[in-house]
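# Reading the structure
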Amino acid sequence: MLSSTIGYYGLILGLLCSLLLIFFNLQNFRVQKILNTRILSLTFLQFLFVKISFVSLIISFVLSDFSNETVFNNSHSTKPIFYKIAGVWGNHEGSLLLWLLVLTLFTLIFLLKTKNQPLQYRILTLTFQQIIIIGFFVFVIKTSNPFNYIFPVPDEGLGLNPILQDPLLAIHPPILYLGYVGSSIIFSSALAATTLGLISKSWATHIKKWVLASWIFLTIGILLGSIWAYYELGWGGFWFWDPVENVSLMPWLVLTTLLHCILVLQKRLILTSWVIILSISTFTLSMCGTFLVRSGILNSIHTFANDPERGLFILIFLFILIFLSIIIFFLFNKRDENNNVNFFWLSKETAILINNWFMMYFLSVVLIGTVYPIFLDVLTTNKISVGPPFYHKLIIPFLIPFLIMMGIGSRLKWIKSNLEDKAQLILALIISILIAILIVKNLDVKFLINITLISSAFYLFLITSRDFFIKKEKNSSQKIAHFGFSLLILSILVNNLFSTEIITNLKVGQQFENSNSKILFKNIIQKDEKNYKSIVGNFIIENNNGKIEEFFPELRIYNQPKIVTSEADIKTTLTTDRFMTINVVQNQEYFNIRYQSKPFMIWIWLSVILISCGGILSFLNKEYEK
Amino acid sequence: MYGRKVKLRLIFILLVLTALILTIFLILKSLEENVVYFQSPSEISELIEIDGKKIRVGGMVKKDSISLTSDQLKFIISDFKNEIIVTYSGVVPNLFEEEKGVVAEGYLKDRNFLSATKILAKHDENYMPPEVKKALEEK
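Owing to the predicted nature of the structure, the values given are computational and were not obtained by experimental measurement.

Rules behind the numbers
Residues numbered from 1 in each chain as written. Chains lettered and ligands numbered in written order. Predicted model: local features only at pLDDT ≥ 70, side-chain atom pairs only at ≥ 80, totals over all residues. Helix = DSSP H or I, 4+ residues; strand = E, 2+ residues; numbered from the N terminus. Rg over C-alpha atoms; globule rule 2.2 N^0.38 Å. Buried ≥ 20, exposed ≤ 12 C-beta atoms within 10 Å, placed from the backbone. Contact = placed C-beta atoms within 7 Å. Pairing = 2+ DSSP bridges. Nonpolar A, V, L, I, M, F, W, Y, C, P; charged D, E, K, R; others polar. Axes fitted to C-alpha atoms, helices over the stretch in contact; angles between N-to-C directions. Parallel < 35°, antiparallel > 145°, perpendicular 65-115°, else oblique. Left-handed = near helix turned anticlockwise from the far one by under 90°. Domains from an automatic or database assignment.

## A short note on the overall build of chain A
Check the secondary structure of chain A and you find 17 helices and 11 strands. Taken against the 2.2 N^0.38 rule, which gives 25 Å for 626 residues, the C-alpha radius of gyration of chain A at 27 Å falls within 12% of a compact globule. Each principal axis of the C-alpha atoms in chain A carries an extent, and together these give about 85 × 80 × 50 Å. Counting the 626 residues in chain A, one finds 46% classified as buried.

## A word on the overall build of chain B
Each helix and strand in chain B was counted, giving three helices and seven strands. In chain B, the succession of α and β elements from N to C terminus is α-β-α-β-β-β-β-β-β-α. Within chain B, the fraction of its 139 residues that count as buried is 32%. Put simply, 57% of the contacts in chain B that link residues at least 6 apart link residues at least 24 apart.

## Regarding the pairing of strand β4 (residues 73–78) of chain B
Residue and element names in this part refer to chain B. The pairing of strand β2 (residues 54–61) with β4 spans two bridges and is antiparallel. The residue of β4 that forms the bridge with Val-61 is Ile-77. Here strand β3 (residues 67–68) pairs with β4 via two bridges, running antiparallel. Looking at β4, one finds that Ser-67 is bridged to Lys-74. The turn joining β3 and β4, which pair antiparallel and follow one another in sequence, is formed by four residues. Counting the residues that bridge the hairpin from β4 to strand β5 (residues 83–88) gives four residues, and of these Phe-80 lies at a positive phi of roughly 70°.

## Examining the interface of chain A and chain B
Taken together, the contacts link 33 residues of chain A with 30 residues of chain B. Elements supplying a minimum of two residues to the side of chain A that touches chain B: α12 (348–380), β1 (384–386), α13 (388–409), β2 (500–506), β8 (562–567) and β11 (591–599) of chain A. In terms of residue count, β8 of chain A provides more of the side of chain A that touches chain B than any other element does, five residues in total. The residue makeup of the side of chain A that touches chain B, split by class, is 17 nonpolar, 12 polar and four charged. The pairing of β1 of chain A with strand β1 (residues 35–39) of chain B spans three bridges and is classified as antiparallel. In the sheet register, Val-386 of chain A faces β1 of chain B, and the bridge partner there is Val-35 of chain B.

## Observations regarding the packing of helix α1 (residues 2–31) of chain A against helix α2 (residues 37–62) of chain A
For any two helices packed against each other, the geometry is given by the interaxial angle and the distance between the axes. Residue and element names in this part refer to chain A. Two elements in contact, α1 and α2, have axes whose closest approach is 8 Å; the angle formed by their N-to-C orientations is 165°. Looking at the two axes, α1 sits roughly antiparallel to α2. Handedness of the α1/α2 crossing: left-handed. Among the residues forming the contact of α1 with α2, the class breakdown is 15 nonpolar, 13 polar and one charged.

## Brief notes about the domain arrangement of chain A
For chain A, the domain assignment lists domain 1 (1–165), domain 2 (171–359) and domain 3 (500–601). Domain 2 of chain A and domain 3 of chain A are separated by 41 Å when their C-alpha centres are compared.

## As for the pairing of strand β9 (residues 569–572) of chain A
Residues and elements named next belong to chain A. As paired strands, β9 and strand β10 (residues 576–584) are joined by four bridges and run antiparallel to one another. Residue pairing in the sheet places Ile-570 in a bridge with Phe-579 of β10. As consecutive antiparallel partners, β9 and β10 are separated by three residues.

## Let's talk about unusual backbone geometry
Residue and element names in this part refer to chain A. Here Phe-151 and Pro-152 are connected by a cis peptide whose omega angle stands at -5°. Within the secondary structure, Pro-152 is located in the loop between α6 (119–143) and α7 (167–195). Positioned with a positive phi, Phe-600 is a non-glycine residue whose angle comes to about 60°. In this fold, Phe-600 is placed in the loop between β11 and α17 (601–620). Its 22 C-beta neighbours within 10 Å are what place Phe-600 among the buried residues.

Right, here's the structure in full:
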């Protein structure tokens, strides 16, 4: 009871801080001498109020205070304490409060970290940031207040969806949000710098840290979600082109592009307008993501209980932000004075620019695939869905030049360059084509597309691994990240080409046999746990090379709320993952069984970790450019 | 005539435009080929001709209609007005149950027979795919 009240007033006070801050900002902006100390203390206070609010929600969850509606809807007194706390952001209201917390925290950090930047720029960024914060405050208080009472007070809560009760999913949303919210700083700062005409090399150096930070968090956040989906949903893959996944991929694509453009800006002071546009779209896409996931328009695993009012609010807010940024962009953005800077066709910036366009193409494919069904539904009431074939068909062919460009591009110099060691590059190309032919030769797949795809992936792999292992000099972060990326693409390819799958229905005691393996369904064990019933199948699988392994895939039937989940049994080795799930169909003797062998699965995760390590290294490195 | 610069710029703009048009064309064409339409059993029963395109059918799994053999799952999707028989071999989702909402994706053999390649049901007990809800409301 008490903590709800405190939490609610924390929010109101935080909103009040925002209004005061905007007032002081305007005042300080005109006087422009030294930063008004009140601004700093108010920003700090605001963060403190939101934090109090957040902590009181945590307390309500920990104490299972069911007079709080959010707690009642999403918690249960028998839940382990870890999931009581994780449950705070496992629902709509709490996750928005987390957004707000991170937003105020980042604003504070920005203010503290920019002491040597021009005063007007700091104040203006802060003002834009406060506009966003006000929007979120109003949104939380009006449409998704986490501190609503219910009366009479229920004895027991409804519980958290068991598939969300997972350690990875407990940290996945906060990390993803750090990435999303970090992009808000990029947005505000780009707008402020445009307004004041401050887009310069030093601005690029300063904002690059923020770009890197959000990019790292976003990458890790996506990775965690992907790993979770792999072992918890029992779909046996790492990416499903589910709308909710796409929505997190889109800001990532833009952020990656921005990261490379910032480098060009920092080096050569070109592409300024392009950098501004990218900065604006990163945050806009993050907002779109929040809108699509929270509004319940997307029909997906993430949708919480929904309310059309929420969707409408975010949509209006989003339009205001886009409108504001477009106006600022057109009013203040000056054409580059040094417009006659020529791009020499063979240079690092040309390579980056070309791959920029490829990235934008990938972005538009994902965007259209995600949004088109929604539009069609609204306009014509036709219900459609866009599946993986759409994305594969449009993205894979363009991956080939993209990979080759990435391989060559990192070898080029700024401004004007010659291709050095041509012989080496050609040799690498020949080797990769040979390897590709060797791999594809014995497989029953489309020849041409696979050959080109694999050879371009190997090409990048050879070049980056040579850079990575042999040339130990400057810019190691870029090398690690690019090496990680080539490893990622290769692992995905190998994974796709060599995965095998058996889906069959078996009764207890039966055996399934094909040319590769024998599956014996030995027996089932039933167990009654505290909050679920468990059915564990015992299988013995014999591979054609005589290796025998036992699998114990599990099926859990939870009682509060009543949900069935599959717990896959996964055996991971460095070369292959073997993955097994079972499912029971009502009143049937047969069990539905799926057994998959997925080569190089772990390398997909490892390579993404490597990519983020590159980012982290670059973030820690004070001045890595030469 | 024109300076070298103007010419270069013109070529550049032309290139960008063609690339843009090509991209849009590619995406739209691919969309058209890969989009899967949703239909209810009643809508299917009114179809005049059956084309070979992939569709999604949604409704309730009819009571006592499920049968599972070693290689095939067979059940009936109903919207309380019309029914369609579905056969399927593959992974059955966790919450596939009688008298619960389901969406089957596959190819129509005739007006009351669907050969499914994928079955979708959701993890939540009370979950009803919006398409199914709508189809049921229209009955």
